[in-house]
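Below, each chain spelled out in residue letters.
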Amino acid sequence: MQFISYSFVILWMLAFALYYLFPKKMQWYVLLTVSLLFYIIGLKGFPIGLLLTGVTTYGCGLYLKEKLEEEKEKLQQCADKETKKALKTEFQKKRKRVQILYIAFNLGLLVFYKYVVVALPLVERLTGTYAGFLEKVMMPLGISFYTLTAISYVVDAGRENCAVETNFLKVVLFLAYFPSVTQGPFNRFAPMKEQFEKEHEFQYDRMLRGIQRFIWGAFKKLVIADRLGIFVDRVYGVEPSAVPGSIFACATVFYMLQLYADFSGYIDMAAGVSETFDIMLPDNFKRPYFSKSVAEFWRRWHITLGTWFKDYVMFSFVMSGTGRKISKACKNKWNGMGKQVAPIIGTMLVWFFTGIWHGRTVSYMLWGVYYGVIMSISLVLEPSYAVWKEKLHIRDGKIWTFVRMARTWLIVFVADVLIRSGSMAQAGAIYASFLTRLDVRCLLSREITSYGISKYEFVLLFAVLLIWLMVSVLEERGEDVRTYLSHRPVIVRWVCYYGIVLLLLITGIYGGSYDTAVFMYQSF
Amino acid sequence: MEEKILEILEEHCEEAIDYDGESMMEDGIIDSFTVINLISDLEDEFDIEIDAKYVVAENFKNKEAIIALVQKLVEE
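Calculation notes
Residues numbered from 1 in each chain as written. Chains lettered and ligands numbered in written order. Predicted model: local features only at pLDDT ≥ 70, side-chain atom pairs only at ≥ 80, totals over all residues. Helix = DSSP H or I, 4+ residues; strand = E, 2+ residues; numbered from the N terminus. Rg over C-alpha atoms; globule rule 2.2 N^0.38 Å. Buried ≥ 20, exposed ≤ 12 C-beta atoms within 10 Å, placed from the backbone. Contact = placed C-beta atoms within 7 Å. pLDDT = per-residue confidence, 0-100. Core = buried A, V, L, I, M, F, W, Y, C linked by C-beta atoms within 7 Å. Domains from an automatic or database assignment. Expected span 1.5 Å × (residues − 1). Nonpolar A, V, L, I, M, F, W, Y, C, P; charged D, E, K, R; others polar.

A. A look at the overall build of chain A. Looking only at helices and strands, chain A has 20 helices and zero strands in total. Taking 524 residues into account, the globule formula puts the C-alpha radius of gyration at 24 Å, and chain A, at 25 Å, falls close to it. Taken along its principal axes, the extent of the C-alpha atoms in chain A is 80 × 65 × 65 Å. When the 524 residues of chain A are sorted by exposure, 35% land in the buried category. Counting contacts in chain A only where the partners sit at least 6 residues apart, residues at least 24 apart contribute 75% of the total.

This is the structure:
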């Protein structure tokens, strides 16, 4: 069951009605039941993985709570500063040991499931049995998402940055909350718990806003992403030597937009569904393609994944004993640049893990290392930026902003060729085609329409991209587009609403040979 | 102490001194590298250890929050 299906809409409507009819203190039970139904029956997800993560997360939380209380009690009975310090260290070690075990177990599960799928065709070949069955039955959907979400809870509980949950079912709801279980965003426990436990009154405006966001997400997915996807798939499906570089360049730009429309479309739909239940999900995108640097791009793209890695990998490493030792040893070396050694190692770790989190192939690993290297270089060069700007007489302004945005696009463009290509060899051939067979005239010839998108489809595509750009510009100026529209004259408002719905119904890519149901990030 | 903290903060991020928004980290005024280098200098100056558990947006939302965090750790 995907978001874009009749069965999901029916489930959503039933859940919505029950939610507001239920006694307010028990509304979260409705969310829990719907989440489990959606996961087990709707998605046919294998619940054992989720259950294992749920049980260990709950158990680890309780252990941390007990040890933290014990520590506080002992500290109160102790007056001497040195003894207090020793006690704190002892308890910290105890907690850390259990947390490491917990993380190893859950990451082990994640690695097992992610890599067992790779091994299944081999099993099939060796034994002759249909291993695809195992893949379908055993693959716990959303494991990449709920595992990281669960780890964030356990680390936050250990750091006393969130209260420990004593109700097992609430931990399960946190992990399996149906709008975000398969593709995020990565929720944090404290704000989610507060919202789950709140008493929610029905509000017509809020319901409308949720539905509007859901429809806008579906529009981005079906009208924009899936249409771009047809072209991208066709071009990338052809032997690189048969296609001019300019067509590959166009397909890669389309892929950049497709990935953004697809994933942010999903997030809009998830957030819209959640908003109707008065549960607000964290922001995951803030118009990344307006970024003036790669660092800014990654602060605006998949925000909750970025903050997860920053909080639990980057800061954990730099503030750890090893990180501090490195910082101390290098601090005064290389004209003061030595202080950047620990952050650079942290950055490389973050990007290596981000790469392997996204995919199992060498391309994804390289993709992560590529971003890590770029971030590290910019960190080292940052102090000299102002000097070079002055020397080259560069003034801040629209032109300089445009140049910086174009540079960001170019860096992302290069990276996206790597992950969209089927192999490293294909990626290499495509890079070579940019340099040796660009042939820009092809973009204006008939050839461009021979990859699944007709001349009229291109016109439609540019029109919907323009709508998306206008909405993004408004948001970039700090406008909430839904509020902005609600203050327009009724005729303008309804023309916009009906226009989007009609475009969605008439021009959305439904069914056929192209699988609209699957979102791109679902495979991560 | 307050003056010294502000001096260190200004060295790392001038914008942070006049910032009056909701969260410097979330608004991109200070990024993770700035936070790490700022922490390193604060630790050296005040002989404190800022654990990873304190590195949350709330403790770095503005200059007042940073001052409060350092004061708390010095007193501990």
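B. Region of interest: the environment of Met280(A). Residues and elements named next belong to chain A. Mapped onto the elements of the fold, methionine 280 is located in the loop between α10 (245-276) and α11 (294-300). Sequence separation between methionine 280 and methionine 470 is 190 residues; the distance between their C-alpha atoms is 25 Å. Look past the residues within four positions of methionine 280 in its chain and what remains in contact with it is Gln195, Ser274 and Glu275.

C. Representation of the confidence of the model for chain B within the structure. Model confidence for chain B is summarised by a mean pLDDT of 89, while 100% of its residues fall at 70 or above. The ipTM value of the predicted complex is 0.86, and its pTM value is 0.89.

D. Representation of the nonpolar core in the model. All names here are of chain A. One finds Ala176, Val235 and Ala251 to be the most contacted residues of the largest nonpolar core, which totals 122 residues. With 17 residues, α10 is the single largest residue contributor to this core. Both domains that furnish three or more residues to this core are identified here as domain 1 (6-201) and domain 2 (203-281 + 451-524). Not counting the four nearest positions on each side in its chain, alanine 176 is found in contact with Ser35, Leu36, Tyr39, Leu50, Tyr146 and Val181.

E. Summary view of helix α16 (residues 398-420) of chain A. For α16(A), spanning 23 residues, the distance from its first C-alpha to its last is 32 Å, which sits close to the expected 33 Å at 1.5 Å a residue. Those residues of α16(A) not exposed but buried are Thr408(A), Val412(A), Ala415(A), Val417(A), Leu418(A) and Arg420(A).

F. Focus on helix α6 (residues 143-158) of chain A. The first and last C-alpha atoms of α6(A) sit 22 Å apart over 16 residues, in line with the 22 Å expected at 1.5 Å per residue. For α6(A), a buried count of 16 out of 16 residues is recorded, marking the element as mostly surrounded by other parts of the structure.

G. How the structure looks around the environment of Ile279(A). Residue and element names in this part refer to chain A. By secondary structure assignment, the location of isoleucine 279 is in the loop between α10 and α11. Sequence separation between isoleucine 279 and lysine 198 is 81 residues, and the spatial gap between their C-alpha atoms is 9.4 Å. Aside from chain neighbours lying at most four places away, what touches isoleucine 279 is Gln195 and Ser274.

H. Fine view of the interface of chain B and chain A. At the junction of the two partners, chain B supplies twelve residues and chain A supplies 16 residues. Partitioned by chemical class, the residues of the side of chain B that touches chain A number five nonpolar, four polar and three charged.

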